[in-house]
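The lines below spell out each chain.
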Amino acid sequence: MSLVFSWSALAELTQGAGTGGVLRTAPQDFLVEELPAYLPSGEGDHLYVQFQKEGHTTAHVLRELGLQLGVRDRDIGVAGLKDRHAVTTQWISLPAKYEARLGQFALSGVQILQTSRHSNKLGLGHLQGNRFTVRVRSAAGQAERAAELAAELARLGVPNYFGPQRFGLGGLNAEEGLRVLRGESKLKDPRVRRFLTSSVQSAVFNRFVSLRLERGVFRQVLAGDMAKKHTTGGVFLVEDALAESPRAEAGEISATGTLFGKKTRPLTLEAGALEQEALAAFGLTPAAFAQRRGDRRLTRVFPSDLSVLPQADGYSLSFALPKGSFATSVLREVMKVAVDLPPEDEVGGEDDPHGDDLNSAQEFGK
């Protein structure tokens, strides 16, 4: 099976026709607001800065900030990294001693909204999630259908696929990542190597989710699954799938998939067999990921605050997702098109924890 990202290789949840349409005609068509895990207290040695940007990746804004204010990269804190082709709002942190210099910062398309103090540096992942407001054009008369599909996703959950942003230019990063895992790559930069191998983890995870949809067990749990409680985040081994599946059907718990690495154990029993099938599709075993840390990821997430607003040429869709989840997974289910494949000048991803590596990863093909 190919490691090149393709929506057509990933099963859909919702049935019937989508709305069609076009995204990102202008940056204002894709609004992203970071939902912080906590707000600054107003006191402390770190300056929290909320800004809005358009036409820049977060990494580019941080580089410019560091150059103009003389701040070292390691002293700048960020919770998530945002796309260039959107209007996005987020927080970063700086040592408070740079507060007086902040007024000197100027970058076209970037506006500082507010500042405050806090006791700790902002860390990667220190956010609840993101709120998206997306304008879908060339879909006149489709708002009612969009609302029907959105309601279904709110009830059933959304396949928590890694979106095309994770897989880079042309969806090719996982192929190079496989060469890294096999010791065949000439790349030396450890950050780029980590990102590329994470693309392979992501491809295996996506295949696992797709298999659950294909086999009709997306909303259930299987014996051997490691399930996660949506309210508390607690993870537990499913021993009696018959007893636990009603909780999964009700949206209280969901199965998790393995991002293989030395800190994660493969699934067992029926769930383990499905996971091994996902690995085998790419000719891989868990041992290939021995140098990765590993993690677990929910196979589905529930979008909140879903709403649809009719527009003359289509509709606007608003929703919130937990951190690490991709808006493209929601939009693909509603539109039923190959959503948001990255243009040739961009390898970035929305709220991707490896986003700093995304720009560097463009270099591997040179």
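Look above for the structure.
Undergrad: Can you help me understand the overall build of the protein chain in this one?
TA: Looking only at helices and strands, one finds eight helices and 14 strands in the protein chain. Taking 366 residues into account, the globule formula puts the C-alpha radius of gyration at 21 Å, and the protein chain, at 21 Å, falls close to it. Taking the principal axes of its C-alpha atoms as reference, the protein chain extends roughly 60 × 55 × 40 Å. Of the contacts made within the protein chain by residues no fewer than 6 positions apart, 80% connect residues no fewer than 24 positions apart.

Undergrad: What is the right way to read helix α7 (residues 327-335) from this model?
TA: Residues three or four positions apart in an α-helix share a direction because the helix packs 3.6 residues into each turn. Taking burial as the measure, the nine residues of α7 include nine buried ones, the bulk of the element. Along α7, the residues classified as buried are A327, T328, S329, V330, L331, R332, E333, V334 and M335. Where α7 is buried, its residues touch β1 (30-36), β6 (127-136), α2 (143-156), β7 (158-159) and β14 (314-322).

Undergrad: What should I look at first to understand α2 in this one?
TA: Given a rise of 1.5 Å per residue, 14 residues ought to cover 20 Å, and the 20 Å separating the end C-alpha atoms of α2 matches this to within 8%. Listed in full, the buried residues belonging to α2 are A143, A146, L149, A150, L153 and L156. Angular distribution of buried residues about the axis of α2 spans 155 degrees; they occupy a single face of the element. Residues of α2 that are exposed and point more than 90 degrees away from the buried face comprise E144 and R155. Those residues of α2 that are buried are in contact with β7, β12 (300-301), β13 (304-311), β14 and α7. G157 lies just past α2 and shows a positive phi near 90 degrees.

Undergrad: Looking at this model, I keep getting lost on the pairing of β6. Mind explaining?
TA: Side chains on a regular strand alternate between the two faces of the sheet. For β6, a buried count of seven out of ten residues is recorded, marking the element as mostly surrounded by other parts of the structure. For β1 and β6, the ladder comprises seven bridges, and the chain directions are antiparallel. Its bridge partner being in β6, E33 is matched across the sheet by R131. Here β6 runs beside β14; their pairing, made up of eight bridges, is antiparallel. Each bridged residue has a counterpart across the sheet, and for T133 the counterpart in β14 is S318.

Undergrad: Would you mind going over the nonpolar core with me for this structure?
TA: A general trend in soluble globular proteins is that nonpolar side chains are found buried together. In this structure, F30, F132, V204, L284, Y315, L317 and L331 are the most contacted members of the largest nonpolar core, which totals 60 residues. Within the residue set of this core, elements represented by two or more residues are β1, β6, α2, α3 (173-181), α4 (190-214), α6 (269-280), β14 and α7. Per-element tally for this core: the top contributor is α4, with eight residues. Grouped together as the second largest cluster of nonpolar side chains are 17 residues, L62, I76, Y98 and L107 included.

Undergrad: Whenever I open this one, the packing of α3 against α4 confuses me. Can you help?
TA: Geometry of a packed helix pair, given as the angle between the helix axes and the separation of the axes. The geometry of α3 relative to α4 is characterised by a closest axis approach of 7 Å and an angle of 110 degrees between their N-to-C directions. As the angle between them shows, α3 and α4 are arranged roughly perpendicular. From α3, N173, A174, E176, G177, L178, V180 and L181 reach across to α4, where they touch R193, F195, L196, T197, S199 and V200. In terms of residue class, the contact of α3 with α4 is built from seven nonpolar, four polar and two charged.

Undergrad: What is the right way to read the environment of Q201 from this model?
TA: Position of Q201 among the secondary structure elements: in helix α4. Residue classification places Q201 among the buried residues on the basis of a relative accessible area of 6%. When the C-alpha positions of Q201 and T258 are compared, they lie 8.3 Å apart, and in sequence the two are 57 residues distant. Setting aside its immediate chain neighbours within four residues, Q201 contacts L259, F260, F289, R292 and G294.

Undergrad: When you look at the pattern of salt bridges in this model, what are you seeing that I'm missing?
TA: Close approach of charged atoms allows side chains with opposite charge to pair. Taken as a whole and assessed by the stated rule, the structure comprises 18 salt bridges. Of the charged contacts, one joins R207 and E214 as a salt bridge, the two residues approaching to 3.1 Å between their closest N and O atoms. Here E214 falls in the partly exposed class, since its relative accessible area comes to 43%. Among the charged side chains, a salt-bridge network with shared partners connects D29, R135, R137 and D313.

The rules behind the values
Residues numbered from 1 in each chain as written. Predicted model: local features only at pLDDT ≥ 70, side-chain atom pairs only at ≥ 80, totals over all residues. Heavy atoms only, no water. Helix = DSSP H or I, 4+ residues; strand = E, 2+ residues; numbered from the N terminus. Rg over C-alpha atoms; globule rule 2.2 N^0.38 Å. Contact = heavy atoms within 4.5 Å. Buried < 20%, exposed > 50% of the residue type's maximum accessible area, 1.4 Å probe, protein only. Expected span 1.5 Å × (residues − 1). Arc of directions from axis to C-beta. Pairing = 2+ DSSP bridges. Core = buried A, V, L, I, M, F, W, Y, C linked by side-chain atoms within 4.5 Å. Axes fitted to C-alpha atoms, helices over the stretch in contact; angles between N-to-C directions. Parallel < 35°, antiparallel > 145°, perpendicular 65-115°, else oblique. Nonpolar A, V, L, I, M, F, W, Y, C, P; charged D, E, K, R; others polar. Salt bridge = Lys/Arg side-chain N within 4 Å of Asp/Glu carboxyl O.

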